[in-house]
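Structural overview
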Amino acid sequence: MSDLSDNIPVNIGLLGLGVVGGGVAAALLEQPEDISAQTGRPVNLKKVLVRDAARPRDVQLPDGLITTNPEDILADPDISLVVEVIGGESPAAQYLQDALKAGKHVVTANKEVMAKRGPELLSLAQRHNVNLLYEASVGGGIPIIGCLVKELAANRFRSVRSIINGTTNYILTRMANDHTGFALALSEAQEQGYAEADPTNDIEGYDAVYKLSILAGLAFHRRVPPESIHREGITRLQPQDFRYAHELGYAIKSLAIATMEEGGIQARVYPALVPQDNMLAKVDGVYNAVEVEGSLCGRVLIHGRGAGRGPTTSAVVGDLIEIARNLGAGSTPLPSITPEDAGGIRSIDDLECQYFLRLNIADRPGVLAQIARILGEQNISIASVLQKDANPEAQTAEIVITTHPARELWVQKALELAANLEVVQEINSLLRIED
Ligand code: HSE
């Protein structure tokens, strides 16, 4: 590790100059005094790794900063802090590993790497006596990781309930409030720099799964691997779902939830109905919110901008300042949690909650009775039934059924049986009601 005695500048190597990298570079170049006033030593952007040096960019860098060779950063003994904002697993994970092994402190915004390989990288950081901070990996500008690791560290947590993908929340808000089509809302989110390079990661729930894996690991001190989290995207939602949900007193939000149950941790990402008076129902646009329930603090909710250049830069530079402040004689590792492999992740089949079911059925006597019988046989009690949209020509109707709390396994079984009824045309939606 390079010499970090007092007042020697902290040289920074930045890996990536995209939406977030551009924001970090601009913050380091445009407000160096503000940053060094907080760190107590100069902070100097020494090298920036890009894939294509010729590409035009909206941030002006002094000559000589750009490189396309990662070794110019990873093998430079004068660079003591590496900031990774490339995203994706490869090659970012390898760069992080190389940086830590070379004794460099690391700040990353990479949720995929931290979800899949966080415990391994945190142990590596510990072994090399350096810090690995990743506040920007979850929730953009909202400081939820710092809260779990430090301010709320005295708690045992019962649950994490969150909206942690700005792109899907933006799309769902536009669809619910302005009746905007899915495709237009997605392209707006992309234009504003909220979406991932491949928006599949947002709309199919992978991005939220990575973030929930990180949060659940920190809350429960147990590894919750991304593949153990039940995942559903938002692409199958239709305008009718929003209309019926509204009529029943709910909003539709893509939620990422992890709960500590008696038999283990239950973790899931899916679009769900949330009562309109619940705080999460009021989180709109690109905003994120994370609500944790701790044994001492009770429920704490943090709300803020979850994606985009400014908020993510805020989290990255905050971590960078924290590390630079802590450097020098007698510096100690910053607080961190390395989740342990303990198993005990529960299947979605065990989930128990209320359900919202939307079906297209034949509009004739006795049809509802057949569906009610199937639900009853699976021990599912109906809470309400709505039938609004009938098609007299086709003699079909759309019904929406909400249930009392029921077990997921039985609901899936009932829908499988219902789908085989001659009178059921289509099962359009199965959404959980989370309150
Ligand atoms: N695509 C992500 C989102 C960006 O929409 O939340 C921040 O991780």
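For the structure given in this document, a descriptive report is provided here. What you see is a predicted model, and the numbers here were worked out from it, not measured in a lab. (Residues numbered from 1 in each chain as written. Predicted model: local features only at pLDDT ≥ 70, side-chain atom pairs only at ≥ 80, totals over all residues. Heavy atoms only, no water.)

1. Side note on the overall build of the protein chain
When helices and strands are tallied, the protein chain shows 14 helices and 17 strands. Expected size for 435 residues packed as a compact globule is a radius of gyration near 22 Å; at 24 Å, the protein chain falls within 12% of this value. Projected onto its principal axes, the C-alpha coordinates of the protein chain cover approximately 80 × 45 × 35 Å. The buried share among the 435 residues of the protein chain stands at 56%. (Helix = DSSP H or I, 4+ residues; strand = E, 2+ residues; numbered from the N terminus. Rg over C-alpha atoms; globule rule 2.2 N^0.38 Å. Buried < 20%, exposed > 50% of the residue type's maximum accessible area, 1.4 Å probe, protein only.)

2. What about the state of the cysteines?
Across all of its chains, the model carries zero disulfides by this definition. The structure places no disulfide on Cys 147, whose sulfur is separated from the nearest cysteine sulfur, that of Cys 297, by 9.3 Å. (Disulfide = S-S within 2.5 Å.)

3. Looking at the pattern of salt bridges
Overall, the coordinates contain 27 salt bridges when judged by the stated rule. Here Arg 309 ties to Asp 58 by a salt bridge, and the two come within 3.4 Å at their closest N and O atoms. Taken as a pair, Arg 309 in helix H12 (residues 309-326) and Asp 58 in the loop between strand E2 (43-49) and strand E3 (66-67) lie far apart in primary sequence, 251 residues in all. Asp 58 sits in the exposed class, given a relative accessible area of 61%. (Salt bridge = Lys/Arg side-chain N within 4 Å of Asp/Glu carboxyl O.)

4. A closer look at the packing of aromatic side chains
A full pass over the atoms with the stated rule returns one aromatic pair. Its end group placed over the ring of Tyr 206, Arg 231 keeps NZ or CZ at 3.9 Å from the ring centre. Positioned above the aromatic ring of Tyr 244 is the side chain of Arg 243, whose terminal nitrogen or guanidinium carbon lies 5.5 Å from the ring centre. (Phe/Tyr/Trp six-rings, centres within 6.5 Å; stacked < 30°, edge-to-face > 60°. Lys NZ or Arg CZ within 6 Å of the ring centre and 35° of its normal.)

5. Considerations on the packing of helix H5 (residues 111-127) against helix H10 (residues 206-220)
Their axes nearest at 8 Å, the elements H5 and H10 cross at an angle of 50 degrees. In terms of axis orientation, H5 runs oblique to H10. As H5 runs across H10, the sense of the crossing is left-handed. For the pair H5 and H10, the contacting residues are Lys 111, Glu 112, Met 114, Ala 115 and Lys 116 in the first and Asp 207, Tyr 210, Lys 211, Ser 213 and Ile 214 in the second. Grouping the constituent residues of the contact of H5 with H10 by class yields four nonpolar, one polar and five charged. (Axes fitted to C-alpha atoms, helices over the stretch in contact; angles between N-to-C directions. Parallel < 35°, antiparallel > 145°, perpendicular 65-115°, else oblique. Left-handed = near helix turned anticlockwise from the far one by under 90°. Contact = heavy atoms within 4.5 Å. Nonpolar A, V, L, I, M, F, W, Y, C, P; charged D, E, K, R; others polar.)

6. A closer look at the pairing of strand E13 (residues 352-362)
E13 sits mainly inside the fold: nine of its eleven residues count as buried. Where E13 and strand E16 (residues 406-407) come together, two bridges link them in antiparallel fashion. If you follow Cys 353 over to E16, its bridge partner there is Ala 406. Two strands pair when backbone bridges link them, and E13 and strand E17 (residues 424-433) are joined in this way by eight bridges, in the antiparallel orientation. Paired with Tyr 355 across the strands is Arg 432, a residue of E17. (Pairing = 2+ DSSP bridges.)

7. Looking at the layout of surface pockets
A volume near 400 Å³ is recorded for the second largest pocket. Around the second largest pocket, the lining is made up of 22 residues, and of these Met 175, Ala 176, Asn 177, Phe 242 and His 246 lie nearest the centre. Elements with a minimum of two residues in the lining of the second largest pocket: helix H7 (166-178), helix H11 (239-248) and strand E9 (250-261). Of the residues contributing to the lining of the second largest pocket, the split by class is eleven nonpolar, eight polar and three charged. (1 Å grid on protein atoms, 1.4 Å probe; cavity = no way out; pocket = protein on both sides within 12 Å on 5 of 7 lines; lining within 4 Å. Points joined across faces, edges and corners; volume = space filled by probe spheres on them.)

8. Here we look at the nonpolar core
By size, the foremost hydrophobic cluster in this structure holds 55 residues, and its most contacted members are Ile 144, Ile 145, Leu 212 and Leu 215. Looking at this core, the element that brings in the most residues is H10, giving ten residues. The residues that make up this core include at least three from each of domain 1 (10-140 + 309-329) and domain 2 (144-305). (Core = buried A, V, L, I, M, F, W, Y, C linked by side-chain atoms within 4.5 Å. Domains from an automatic or database assignment.)

9. Quick notes on the site of the ligand
All residues in the neighbourhood of the ligand are listed as Lys 111, Asn 165, Gly 166, Thr 167, Tyr 194, Ala 195, Glu 196, Asp 202, Asp 207, Lys 211, Gly 306 and Ala 307. One of the side-chain nitrogen or oxygen atoms of Asp 202 is found 2.7 Å away from a nitrogen atom of the ligand. One of the side-chain N or O atoms of Lys 211 is found 2.8 Å from an oxygen atom in the ligand. Contact with the protein chains covers 92% of the free accessible surface of the ligand, which is 260 Å². Breaking the shell around the ligand down by element, the ones donating at least two residues are H7 and H10. The residue makeup of the shell around the ligand, split by class, is three nonpolar, four polar and five charged. (Near = heavy atom within 4 Å. Polar contact = N/O pair within 3.5 Å; in protein donor to acceptor, adjacent residues only side chain to side chain. Areas by Shrake-Rupley, 256 points an atom, 1.4 Å probe, with all protein chains shown as cover.)

10. Here we look at empty space enclosed by the protein
Tallied over the full model, the rule gives four cavities of 30 Å³ or more. There is about 110 Å³ of room inside the largest cavity. Lining the largest cavity are 14 residues, and of these Met 114, Pro 119, Ser 213, Ile 214 and Pro 339 lie nearest its centre. The set of elements that each furnish at least two residues to the lining of the largest cavity consists of H5 and H10. Examining the composition of the lining of the largest cavity, we find that five residues originate from one element, H5, more than from any other. Looking at the lining of the largest cavity residue by residue, the class counts come to ten nonpolar, three polar and one charged. Formed jointly, the lining of the largest cavity draws a minimum of three residues from each of two domains, domain 1 (10-140 + 309-329) and domain 2 (144-305). Looking at the second largest cavity, its volume works out to about 90 Å³.

11. Remarks on the environment of Arg 373
Of note, Arg 373 is situated in helix H13 (residues 367-377). It is 9.7 Å that separates the C-alpha atoms of Arg 373 and Ala 414, two residues lying 41 residues apart in sequence.

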